[in-house]
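# What the coordinates show
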Amino acid sequence: MSTTSPTTTTISVSGMTCGHCVSAVSEELEAIDGVEAVAVDLNAGGISTVTITSGRELSPAEIGEAVAEAGYLVVANEA
């Protein structure tokens, strides 16, 4: 029996200001096949951190499309 450990992806999202924003982004991301959980660290008016736990590797394109569908923008992480 093989088990795969969950994959964690962290993205930065701009434009989120409230709980409704968090719900909209979470709902779109949770609709992606394989996503198990979404956690949002809301920074109202700034850049919020979103952590996605999934059973497979997610492409930046599918994450970006889901966030855009909710009306927000994924921004590059400044390391």
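Let us look at the structure shown here. (Residues numbered from 1 in each chain as written. Predicted model: local features only at pLDDT ≥ 70, side-chain atom pairs only at ≥ 80, totals over all residues. Heavy atoms only, no water.)

## What to know about the nonpolar core
Applied cut-off: In these notes, a set of buried Ala, Val, Leu, Ile, Met, Phe, Trp, Tyr and Cys residues joined through side-chain atoms within 4.5 Å is what counts as a nonpolar core. Note on exposure labels: buried denotes an accessible area under 20% of the residue type's maximum, exposed denotes more than 50%, and partly exposed covers the range between, all computed with a 1.4 Å probe on protein chains only. Runs of H or I in DSSP of at least four residues are treated as helices and runs of E of at least two as strands, each being numbered from the N terminus. In this analysis, two residues are considered to be in contact whenever any of their non-hydrogen atoms come within 4.5 Å of each other.
Counting residues in hydrophobic clusters, the biggest one holds 18 residues, and the most contacted among them are Leu29, Ile52, Val67 and Tyr72. Counting only elements with at least two residues in this core, the list comes to β1 (7-14), α1 (19-30), β2 (35-41), β3 (47-54) and α2 (60-69). Among the elements that take part in this core, α1 stands out by supplying 4 residues, more than any other. Ignoring any residue separated from it by four or fewer positions in sequence, one finds Ile52 in contact with Thr7, Thr8, Thr9, Ile11, Leu29, Val35, Ala37, Leu58 and Ile63.

## Some remarks on the pairing of β1
Note the cut-off: In this analysis, strands are considered paired if DSSP registers two or more bridges between them.
Within β1, 6 of the 8 residues are buried, which leaves the element mostly enclosed by the surrounding structure. Looking at chain direction, β1 and strand β4 (residues 73-75) are connected through 3 bridges and run antiparallel. By the bridge assignment for β4, Val13 is matched with Val74.

## Some thoughts on the packing of α1 against α2
Cut-off, in case you're wondering: All axes here are fitted lines through C-alpha atoms, helices being fitted over the stretch that makes contact, and every angle between N-to-C directions spans 0 to 180 degrees. Under this scheme an angle from 65 to 115 degrees is roughly perpendicular, one under 35 degrees roughly parallel, and one over 145 degrees roughly antiparallel; angles in between are oblique. Each helix crossing is assigned a hand: it is left-handed if the near helix lies turned anticlockwise from the far helix by less than a right angle, otherwise right-handed if that turn is clockwise. The residue classification treats Ala, Val, Leu, Ile, Met, Phe, Trp, Tyr, Cys and Pro as nonpolar and Asp, Glu, Lys and Arg as charged. All others, Gly included, are polar.
Between α1 and α2, the least distance of the axes is 8 Å, while the angle of their chain directions is 140°. In terms of their interaxial angle, α1 and α2 are classed as oblique. Pair α1 / α2 crosses with right-handed handedness. Contact residues: α1 offers Val25, Glu28 and Leu29, while α2 offers Ile63, Ala66, Val67 and Glu69. In the contact of α1 with α2, the residues fall into 5 nonpolar, no polar and 2 charged.

## Regarding the sheet that holds β3
Reading across the sheet, the 4 strands line up as β2-β3-β1-β4 and stay open at both edges, with antiparallel pairing between neighbours. Strands with a single pairing partner mark the edges of an open sheet, and in this sheet they are β2 and β4. Averaged over all adjacent pairs, the angle separating strand axes in this sheet is 40°, with direction ignored. When β1 meets β3, the two strands line up antiparallel, connected through 8 bridges. Bridged to Thr10 within β3 is Thr51. Lying over the sheet, α1 contacts β2 and β3, oriented at roughly 160° with respect to β2. Where α2 meets the sheet, its contacts fall on β1, β3 and β4, and the angle it forms with β1 comes to roughly 45°.

## Observations concerning the state of the cysteines
Put simply, the rule is: When two cysteine sulfur atoms are found within 2.5 Å, that pair is recorded as a disulfide.
Within the structure shown, the criterion is met by 0 disulfides. Looking at the unpaired Cys18, the closest cysteine sulfur is the one in Cys21, lying at 3.5 Å. Residue Cys18 is classed as partly exposed on the basis of its relative accessible area of 32%. By relative accessible area, which is 5% here, Cys21 ends up buried.

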